[in-house]
Amino acid sequence: MPIIDVQNLRKVYPVAVKEAGMKGTLQHFFRRTYRNIEAVKQVSFSIEPGEVVGFLGPNGAGKTTTLKMLTGLIHPSSGHVSVADYRPFERRNDFLQKITLIMGQKQQLLWDLPALDSLRINAAVYNLSDTEFRQRVGELAEMLSIQDQLRQPVRKLSLGERMKAEMLAALLHRPKVLFLDEPTLGLDVNAQTAVRTFLQEYNQRYGATILLTSHYMADITALCDRVLVIHQGSLIYDGLLDGLLEQFAPYREISVEFDRTQSIDPATLQTYGNLQSLEGCQATFLIKSDELTQTVTRLLNTLKIQDLTITEPPIEDVISQVFATGRT
Amino acid sequence: MRSFRVARTLISVYYAYMVEYRAELIFWVLSGSFPLIFLGLWNQAAQSGDLGFTSAEFARYFLAIFLVRQFTVVWVIWDFEKEVVQGKLSPLLLQPVDPVWRHFFGHVAERATRIPFILLLIGLFCLLYPEAIWLPTPYACLWGSLTLLLSFCLRFLIQYTFAMLAFWIERASAIQQFWFLFYTFLSGMVAPLALFPEPIREFALWTPFPYLVYFPASLLIGLPVDLTRGLVMMVAWGAIALLINRWLWQAGLRRYSGMGA
């Protein structure tokens, strides 16, 4: 039974429209006009307990709006949403005990106090005993390697340390469902790796369900088998990360190094596939996946070839191509 | 039990938070010393004519006003407005405790940090106006303290209700500034209500303003006030504010878009 179930979820925002210039400003002052923006359009998906799912989309695609509806921060305009058997926007205490939302660069810790003080508030709010509090802080701080920093004022911590402390605060009540919005935004490579490793460990240790948005594909490839792709408010892909490549980039790149004795005619090479480049004895083709075996056989049988490599297109390129064209 | 623990933790953590701003606290306390300026003005006026109050009574009155204002100062509207406009309300909404309690106990904790500075100013005042020193009766202590507490709650509740308008107009503090105009004149902060013309005084007593300052201050220094009417008015205005507050809160949450978050 899915822990997150979303059916035909839709969110429409009224947005004030203002023309540029003084005339527009005066019109805006006396008669404000609004335009309805459909941020999320009839989105449906479900997630099973323990899954780690990547939520991809360009800026303004509707990812954060969907996360806000899943956590109950905003009310959907229509559709059905259920998380851990609760309707999120009712914000029942039992529901709030089971979820958390971690937003990169957004903080809940008190800036001028050590993180431990904010953690004490969370312990009281989530009704943890002193023993539970100490045990959980110790356990999470060890997983995050942040034991020594919890007694320093938050403002004195580095960005990476602060993010780890934020994660500790957000996970102190041991939620079963984690919503993460750009958790590694702005972090250096080491800190990004540490956050990814921690999330993997948290998922394995507590069987938590994770829905994660990130602009860093490394986050997605390291953590998620399954991805949801949203574009202009509509879900355009729901499936395995590998399947995303098959659906949106059903081709492979073949790089060939010819023998020096081989005469090279670009017109002839074009008959093998989409010739991308030709420099000296090096040629690169884009070949459809279903024609790959046949093309490689033809190349090897008819031309003198010293070396041949087949590569998948980088996932970043595929994703940006999908976002750029909005192809479904 | 959990509520008590949440309250205790919030007070102790926010006390530590406020102590971080110990230098700023001196200026916050001094910024509330308006009544002491009015005291100078009224003191002069009392010496030049019969106003029904002696210089010592004026001094006592404005010291009581100063004390009440120090213990009832509220700034929740500015904090809440920022939370709504910048989306900082979002993480607070995801916790199983109403965000109002963080604000409320933050205010309570701040009171405690003010006390040393208030005592210092009172000491200075007593040096300047020794004739104004008085010993409150047990009755004055009991009802003065109780109504002071109620005044703080009422002022917090009213301002927090205005703060709810941040869901719609985003600069709800503008309404608070407008409200402050009436508060200044009708609360007894500028002059004792006893000196107001009868119709204006009677009108003022039907509004919440005198119960935010004049009423507890008068009880503290033993000026004659209608205790029952005052308590009924405080509870009635509190109930009205609470009803409107909860209605606006529910309606506001439906409108909230978690901007910037």
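Brief notes about the domain arrangement of chain A
Where interface size is given, it is often the accessible area lost as the parts come together that is meant.
Inference 1: By domain assignment, chain A separates into domain 1 (4-246) and domain 2 (250-311).
Inference 2: Taking only C-alpha atoms, the centre of domain 1 of chain A and the centre of domain 2 of chain A are 45 Å apart.

What to know about the sheet that holds strand β3 (residues 52-56) of chain A
Residues and elements named next belong to chain A.
Inference 1: In space, the 6 strands of this open sheet follow the order β5-β6-β7-β3-β8-β9, with mixed pairing throughout. For this open sheet the edge positions go to β5 (99-103) and β9 (234-240), each flanked by a neighbour on one side alone. Each adjacent strand pair in this sheet contributes to an overall mean axis angle of 15°, direction not counted.
Inference 2: Here strand β6 (residues 177-181) pairs with strand β7 (residues 209-213) via 5 bridges, running parallel. Each bridged residue has a counterpart across the sheet, and for Asp 181 the counterpart in β7 is Thr 213.
Inference 3: The sheet strands contacting helix α2 (residues 63-71) are β3, β5, β6, β7 and β8 (226-231), and the helix crosses β6 at an angle near 155°.
Inference 4: Sitting on the sheet, helix α9 (residues 241-248) touches β8 and β9, and the angle it makes with β9 is about 120°.

A look at the layout of surface pockets
Inference 1: Approximately 1300 Å³ is the volume attributed to the largest pocket.
Inference 2: At 6 residues, the largest contribution of residues to the lining of the largest pocket is made by helix α7 (residues 100-128) of chain B.
Inference 3: Across the lining of the largest pocket, the residue classes break down as 18 nonpolar, 13 polar and 10 charged.
Inference 4: Volume-wise, the second largest pocket comes out at about 690 Å³.
Inference 5: Counting residues per element, the lining of the second largest pocket draws most heavily on strand β1 (residues 4-17) of chain A, which supplies 6 residues.
Inference 6: Across the lining of the second largest pocket, the residue classes tally to 14 nonpolar, 3 polar and 5 charged.

Focus on the interface of chain A and chain B
Inference 1: On the chain B side, the residues contacting the 33 residues of chain A number 27 residues.
Inference 2: Each partner contributes to the roughly 2800 Å² buried at the junction of chain A and chain B, and carbon and sulfur atoms together form 60% of this total.
Inference 3: Taken together, the links from chain A to chain B amount to 1 salt bridge.
Inference 4: Two residues, B:Arg5 and A:Asp130, come together in a salt bridge whose shortest N-O distance is 3.9 Å.
Inference 5: Across the contact surface, chain A and chain B share 7 residue pairs in polar contact (both at pLDDT 80 or more).
Inference 6: It is helix α4 (residues 115-125) of chain A that contributes the most residues to the side of chain A that touches chain B, 7 residues altogether.
Inference 7: Here the residues of the side of chain A that touches chain B sort into 15 nonpolar, 10 polar and 8 charged.

Some details on the pattern of salt bridges
Residues and elements named next belong to chain A.
Inference 1: In this structure the tally under the stated criterion is 18 salt bridges over all chains.
Inference 2: Here Glu 139 and Arg 174 are joined by a salt bridge, their closest N and O atoms 3.7 Å apart. On the criterion of sequence distance, the pair formed by Glu 139 in helix α5 (residues 130-144) and Arg 174 in the loop between α6 (159-171) and β6 is long-range, its members being 35 residues apart.
Inference 3: Judged by relative accessible area, which is 27%, Arg 174 ranks as partly exposed.
Inference 4: Each of Glu 139, Arg 174, Glu 201 and Arg 205 takes part in a single network of salt bridges with overlapping partners.

Conventions and cut-offs
- Residue positions are given per chain, counted from 1 along the sequence in the order it is written.
- Note on labels: chains are lettered from A, ligands numbered from 1, in written order.
- In view of the model being predicted, local features appear only for residues whose pLDDT reaches at least 70, and side-chain atom pairs are presented and counted only at 80 or more, with totals across whole chains, interfaces and linings using the full set of residues.
- Heavy atoms throughout the structure, all of them, feed into the side-chain values; hydrogens and water do not.
- Domain delimitation follows an automatic or database domain assignment.
- In short, DSSP must find at least two bridges between two strands for them to pair.
- Note on conventions: DSSP H or I runs of at least 4 residues are helices, E runs of at least 2 residues are strands, and numbering of each starts at the N terminus.
- Axis geometry follows a simple rule: fit a line to the C-alpha atoms, using only the stretch in contact for helices, then measure angles between N-to-C directions, giving values from 0 to 180 degrees.
- Contact between two residues is taken to exist if any of their heavy atoms lie within 4.5 Å; hydrogens are not considered.
- Only protein atoms enter the calculation, which uses a 1 Å grid: trapped sets of points that fit a 1.4 Å probe without letting it out are cavities, open sets showing protein on both sides within 12 Å along at least five of seven lines are pockets, and any residue with an atom within 4 Å of a point is a lining residue.
- Grid points are joined across faces, edges and corners, and a volume is the space filled by probe spheres set on the points.
- By the convention adopted, Pro, Cys, Tyr, Trp, Phe, Met, Ile, Leu, Val and Ala count as nonpolar, Lys, Arg, Asp and Glu as charged, and the other residues, Gly among them, as polar.
- Joining two parts hides part of their accessible area as seen by a 1.4 Å probe, and the buried area is that hidden amount summed over both.
- Whenever Lys or Arg places a side-chain nitrogen within 4 Å of a carboxyl oxygen from Asp or Glu, that contact is recorded as a salt bridge.
- Polar contacts, as counted here, are pairs of nitrogen or oxygen atoms within 3.5 Å of one another; within protein the pair requires one atom able to donate a hydrogen and one able to accept it, and residues that are adjacent in sequence qualify only if both atoms are side-chain atoms.
- Burial classification: accessible surface area is computed with a 1.4 Å probe over protein chains only, and a residue below 20% of its type maximum counts as buried, one above 50% as exposed, and the rest as partly exposed.

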